[in-house]
Amino acid sequence: MELGLYTFGERTLDPELGRPPTPEERLRRLLEEAELADQVGLSVFAVGEHHREEFVVSAPAVVLAAMAARTQRIRLSSAVVVLSSEDPIRVFQAFATLDLISGGRAELMVGRGSFLESFPLFGYDLRDYEALFEEKLALLLELRKAERVAWPGGRFTKSVPNLGVYPRPKQNPLPIWLAVGGTPESAVRAGQLGLPMVLAIIAGSPRRFLPLVELYRQTARAHGHTPRLALAAHGFLAEDDAEAFRLAAPAFLQVMNRIGRERGWRPLSLDYFAWSRGLEGADFIGDPERVLEKALYWHELFRPERLLLQLSVGTLPHGKVLRAIELLGTEVLPGLRRALAPSPS
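Residues numbered from 1 in each chain as written. Predicted model: local features only at pLDDT ≥ 70, side-chain atom pairs only at ≥ 80, totals over all residues. Heavy atoms only, no water.

**Observations regarding the nonpolar core**
Logical step 1: In this structure, L42, F45, M67 and L328 are the most contacted members of the largest nonpolar core, which totals 111 residues.
Logical step 2: The element contributing the most residues to this core is helix α8 (residues 241–263), with 11 residues.
Logical step 3: Discounting chain neighbours no more than four positions away, the residues touching L42 are L3, L5, A37, I74, I325, L328, G329 and L333. (Core = buried A, V, L, I, M, F, W, Y, C linked by side-chain atoms within 4.5 Å. Buried < 20%, exposed > 50% of the residue type's maximum accessible area, 1.4 Å probe, protein only. Helix = DSSP H or I, 4+ residues; strand = E, 2+ residues; numbered from the N terminus. Contact = heavy atoms within 4.5 Å.)

What follows is the structure, given as structure tokens:
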């Protein structure tokens, strides 16, 4: 199981600065985080697209290209590109370019997005939420099949009369993952298309997603595809288990409850987060031993090939975040490899 990170480049209140980091400060921190993740052996660094004041990444390919110049081995992914409000041709070109710059380390994670700001920003109607994604995903998949594309066009895309789309990526095909938030329809789509699926588990018990994962795998196999699964979750690490919770919980609560107020969710409490970092909860908050135990538990439940953690959900002191990445790579990752290594015959 690969271990990696994802982030939206949050810039909420920094408890050390007494203010949110500026966009410039946050982007500089983000590059340092990716560079360290590469150095400690993590497999993936992914950044998401948002169009809100509290997130700094609205152009994932640009940020990932800067990371490519400062890293050597780590794979670089979106998390996600909100394909519904993007031009699939420009998305493909941007990530093909990233793939060439990085020496074949680019990946695309596409989804409909958990926030809706991009729809009015780019002139789309939310009533077309589902249809936009289906049509644009179909075009994106055509773009990676061949150099020349003959696309008839549709409600939301113009026709492409057998034209070449350049540059072509180093990887053939360019990896495309489908990010889902927990609906059966999304799992079936990923299985039917033969796309690897990224499942976000950010609240409640992970066990409730087992039927969804099984539905995805059954659908993929029924269509002649090999299912591939990645999981995404929230987390934070410190050497001391109690300190990890003390640092992370206030920042997590601030962000999750603000989003919850927008969406009508019930407020989360410290007691909830204390429960959620246990085996049956969704958060990977604690010392390396606790995080390793939970990663192995999720591996036993889901058998994913990749686990991505968001460090962190709200702004934390930069040095603490760097230390969390270091612990993930130098203590949790080796423990995973030892535990999951094939038994000698």
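This is not the end of the story, as more comes after the structure.
**Notes on the pairing of strand β5 (residues 106–111)**
Logical step 1: Of all 6 residues making up β5, 6 are buried, and the element is well covered by its neighbours.
Logical step 2: Here β5 shows a buried face lined by A106, L108 and V110 and a second buried face lined by E107, M109 and G111.
Logical step 3: Direction of pairing for strand β4 (residues 81–82) relative to β5: parallel, over a ladder of 2 bridges. Across the sheet, residue V82 finds its bridge partner in β5, namely G111.
Logical step 4: Handedness of the β-α-β unit built from β4, helix α3 (residues 88–101) and β5 comes out right-handed. (Pairing = 2+ DSSP bridges. Right-handed = clockwise from strand over helix to strand, strands pointing away.)

**Let's talk about the environment of V321**
Logical step 1: Relative to the assigned elements, V321 resides in helix α11 (residues 318–340).
Logical step 2: Through-space distance from the C-alpha of V321 to that of L311 is 6.9 Å; in sequence the pair is 10 residues apart.
Logical step 3: Contacts of V321, omitting those with residues within four sequence positions, involve E33, F236, L311 and L316.

**Considering the pattern of salt bridges**
Logical step 1: If you walk through the whole model with that rule in mind, you get 26 salt bridges.
Logical step 2: E35 is the partner of R70 in a salt bridge, and the nearest nitrogen-oxygen pair spans 2.9 Å. Within this pair, whereas R70 is found in the loop between α2 (60–68) and β3 (75–78), its partner E35 is found in helix α1 (residues 23–39), the two being separated by 35 residues in sequence. (Salt bridge = Lys/Arg side-chain N within 4 Å of Asp/Glu carboxyl O.)

**Some words on the side chain of Q171**
Logical step 1: Relative to the assigned elements, Q171 resides in the loop between β7 (160–164) and β8 (176–180).
Logical step 2: Judged by its relative accessible area of 16%, Q171 falls in the buried class.
Logical step 3: At a separation of 2.6 Å, a polar atom in the side chain of Q171 contacts the side chain of R75.
Logical step 4: Beyond its immediate stretch of four places on either side in the chain, Q171 contacts R75, D99, G104, R105 and A106. (Polar contact = N/O pair within 3.5 Å; in protein donor to acceptor, adjacent residues only side chain to side chain.)

**What about helix α10 (residues 288–302)?**
Logical step 1: The end-to-end C-alpha separation of α10 is 21 Å, in line with the 21 Å expected for 15 residues at 1.5 Å each.
Logical step 2: Looking at α10, one finds that the buried residues are P288, V291, L292, K294, A295, Y297, W298, H299, L301 and F302.
Logical step 3: Residues of α10 that are buried make contact with α7 (210–222), β10 (229–237), α9 (270–276), β11 (284–286), β12 (306–310) and α11.
Logical step 4: Residue R303 follows α10 closely and has a positive phi angle near 50 degrees. (Expected span 1.5 Å × (residues − 1).)

**Description of the packing of α1 against α11**
Logical step 1: Axis separation between α1 and α11 bottoms out at 9 Å; the angle between their running directions is 20 degrees. One way to sum up the angle between α1 and α11 is to call them roughly parallel. Of the two possible hands of crossing, α1 and α11 adopt the one that is right-handed. Touching R29, E32, E33, L36 and A37 of α1 are H318, V321, L322, I325 and E326, all from α11.
Logical step 2: Residue composition of the contact of α1 with α11, grouped by class: 5 nonpolar, 1 polar and 4 charged. (Axes fitted to C-alpha atoms, helices over the stretch in contact; angles between N-to-C directions. Parallel < 35°, antiparallel > 145°, perpendicular 65-115°, else oblique. Left-handed = near helix turned anticlockwise from the far one by under 90°. Nonpolar A, V, L, I, M, F, W, Y, C, P; charged D, E, K, R; others polar.)

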